[in-house]
Amino acid sequence: MSNQRDPILKNIRRRKVVDFLFSLAGLLSLLFALVTLLALVVDLAVTGVPRISAEFFMNFPSRFPEKAGILSAWVGSLCVMLTTACCAIPLGVAAGLYLEEYAPKNWITQLIELNIINLAGIPSITFGLMALGIFVYKLELGQSILTAGLTLGLLVLPIIIVTTRESVRAIPNLIREASYAVGASKWQTIRYHILPYSSGGILTGVIISLSRAIGETAPLITIGALTFVAFLPTSPVQSVFPFVSLQWLKDPFTVLPIQMFNWLSRPQAEFHVNAAATGIVLLLMTLVLNGVAIYIRYRFRKKMKW
Amino acid sequence: MGAVTTPSIRADVKNLNFFYGPKQVLKNISMPIYENRMTALIGPSGCGKTTLLRCFNRMHDLYATTNYQGQIILHPNMQNILSSEIDPMEVRMRIGMVFQKPNPFPKSIFENVAYGLRVRGVKKKSFIEERVVKSLQQAGLWSEAKDRLHSHATDMSGGQQQRLCIARALATEPEILLLDEPTSALDPISTAHIEELITELKKDITILMVTHNLHQAARTADYTAYMYLGELIEFGLTDKIFTTPSDTRTENYITGRFG
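Not measured: the values here are computed from a predicted model. (Residues numbered from 1 in each chain as written. Chains lettered and ligands numbered in written order. Predicted model: local features only at pLDDT ≥ 70, side-chain atom pairs only at ≥ 80, totals over all residues. Heavy atoms only, no water.)

K.L.:
I tried to follow the sheet that holds strand 10 (residues 231-237) of chain B on my own but got confused; where do I start?
P.N.:
Each strand in a sheet pairs with its neighbour through backbone hydrogen bonds, running either in the same direction (parallel) or in the opposite one (antiparallel). Residues and elements named next belong to chain B. An order of 6-7-8-3-9-10 is seen for the six strands of this open sheet, with the pairing classed as mixed. Each of the sheet's edge strands pairs with one partner strand only, and the pair in question is strand 6 (95-98) and strand 10. Geometrically, the sheet is characterised by an average inter-axis angle of 15 degrees between neighbouring strands, direction not taken into account. Its contacts with the sheet put helix 7 (residues 188-201) on strand 3 (38-42), strand 7 (176-180) and strand 8 (206-210), and the angle it makes with strand 8 is roughly 145 degrees. (Pairing = 2+ DSSP bridges. Helix = DSSP H or I, 4+ residues; strand = E, 2+ residues; numbered from the N terminus. Axes fitted to C-alpha atoms, helices over the stretch in contact; angles between N-to-C directions. Contact = heavy atoms within 4.5 Å.)

Structure follows, in structure tokens:
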């Protein structure tokens, strides 16, 4: 009997060795990626973290590295993100909803969908070139926060459209039919069911897209963002009538990654420390944004049961 | 079943053909739906019974490449609800539906029942509350739901969810209630509960129900229609269909020779 079993056992052993080898290869690949990333972050943190202080956030850039700060950069990033969100969210959500709920399912719709997915993969500098031609020169919006917000808005629009569509599609048809069956209109179905039930997914997509936009450098350099800004945009709150001002939209600006790039390109090592510190700030902002996105997704998953 | 005199007609299906794209799913169907009676649609899977049911509230209009021919005349005002001149929303406001799988909205119990009134633009709070209570009572859910009207509907059991869906359909006082295999996803106890409920409801409302379960049809329906491959083979009083069917295909199905 054992003679008969031997070849079977041998066969099993051989296949188990292959199994083991593959899992080892997979683990090593994973470790390689993780360790490299970790080394980069640790290196950045060791150089940059000691430089981070309240003054670093409250100072304008300066030619003395120890006095230089990122005030204009983080305010600029904040303003640009706000503008980006304001133009990309309504457009993206409406477009996604239209494609999923209203558009007839034919080849034209499919062509549009395909192009939106492709649009998400276009190099960001191309968006910068387009924005330079249209927003800066044709529409004469200048090298302003508005131009930057619109540019980044267009850049992340495909991401918002795609995530909106995906979260809308995840709602089972049963729910739509239940709503229509009592005599609801399309808009009522969207307003009372589709939008609320997909808002978790949509919000996640919005935050992910903002965390991508916050790190974008190339398109903003292309439209002519300044690299040395020692002033803040006009305050939105004014002491004279009408007390609110949108002048800040037309102001020149810089953003965190550009500030970082600017410091990195200087020869003095002290400025490189500033760059590392800015990098840490950017990294933390992105991490926080993604963390919020994951939390929202978790909360909504728990709430939505069909 | 006590239908001694023939009741009045509530809806009349006349020469109904239905197509999914080029494929004909319903073939020249004609049958009456009697007022305050329960009509069961039976037949093997794929015979078109659910398709026929969904014609009654124009559910097919939600999807492209579907096509009706023929008429469903709603009495007493003799309106053809399949006419392209009638908005499907109007039809759905008049004819309620309960689906195979319980599909409450992930909202509160109260909001689920009130939804039909809300989409009609009813604003009066007292009226909505009154109607919600009445519908939950009719659906036999009041005693279980009254202390948790504002808790999540999806936290209820499957049988409770299905009764909630019935309450949701009843809240707008539909002229006809469509039930699409309402107990096929439920356990035997919930099923018995819903059958009891249906027997109670049909005193005041016309019901059309699709069922897979022949015993259920025999127990609850006044009239039964047997469908096979998109055709209506036989329609008549449930007693007659189950005891002395006139078509051999009906007999074969009823006696369990196929299907």
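K.L.:
Could you clarify how one ought to interpret the interface of chain A and chain B in this entry?
P.N.:
A common way to express how large an interface is: the accessible area buried when the components associate. Listed by partner, the interface residues are 21 residues for chain A and 25 residues for chain B. With both chains or domains summed, chain A and chain B bury close to 2100 Å², and 61% of this area falls on carbon and sulfur atoms. In this assembly, chain A and chain B are joined by one salt bridge. For Glu177(A), the salt bridge goes to Arg54(B), with nearest N and O atoms at 2.6 Å. Across the contact surface, chain A and chain B share eight residue pairs in polar contact (both at pLDDT 80 or more). The dominant element in the side of chain A that touches chain B, judged by the number of residues it contributes, is helix 7 (residues 173-181) of chain A, at eight residues. (Buried area = accessible area lost by both parts, 1.4 Å probe. Salt bridge = Lys/Arg side-chain N within 4 Å of Asp/Glu carboxyl O. Polar contact = N/O pair within 3.5 Å; in protein donor to acceptor, adjacent residues only side chain to side chain.)

K.L.:
When you look at the domain arrangement of chain A in this model, what are you seeing that I'm missing?
P.N.:
Residues and elements named next belong to chain A. As assigned here, chain A comprises domain 1 (2-51) and domain 2 (54-303). Using C-alpha coordinates to define each centre, domain 1 is positioned 37 Å away from domain 2. Contacts between the two partners involve seven residues from domain 1, matched on the other side by 12 residues from domain 2. Of the roughly 700 Å² buried where domain 1 meets domain 2, counting both sides, 76% is carbon and sulfur surface. Summed over the shared surface of domain 1 and domain 2, the number is zero salt bridges. Taken together, the residues that form the side of domain 1 that touches domain 2 break down as four nonpolar, two polar and one charged. (Domains from an automatic or database assignment. Nonpolar A, V, L, I, M, F, W, Y, C, P; charged D, E, K, R; others polar.)

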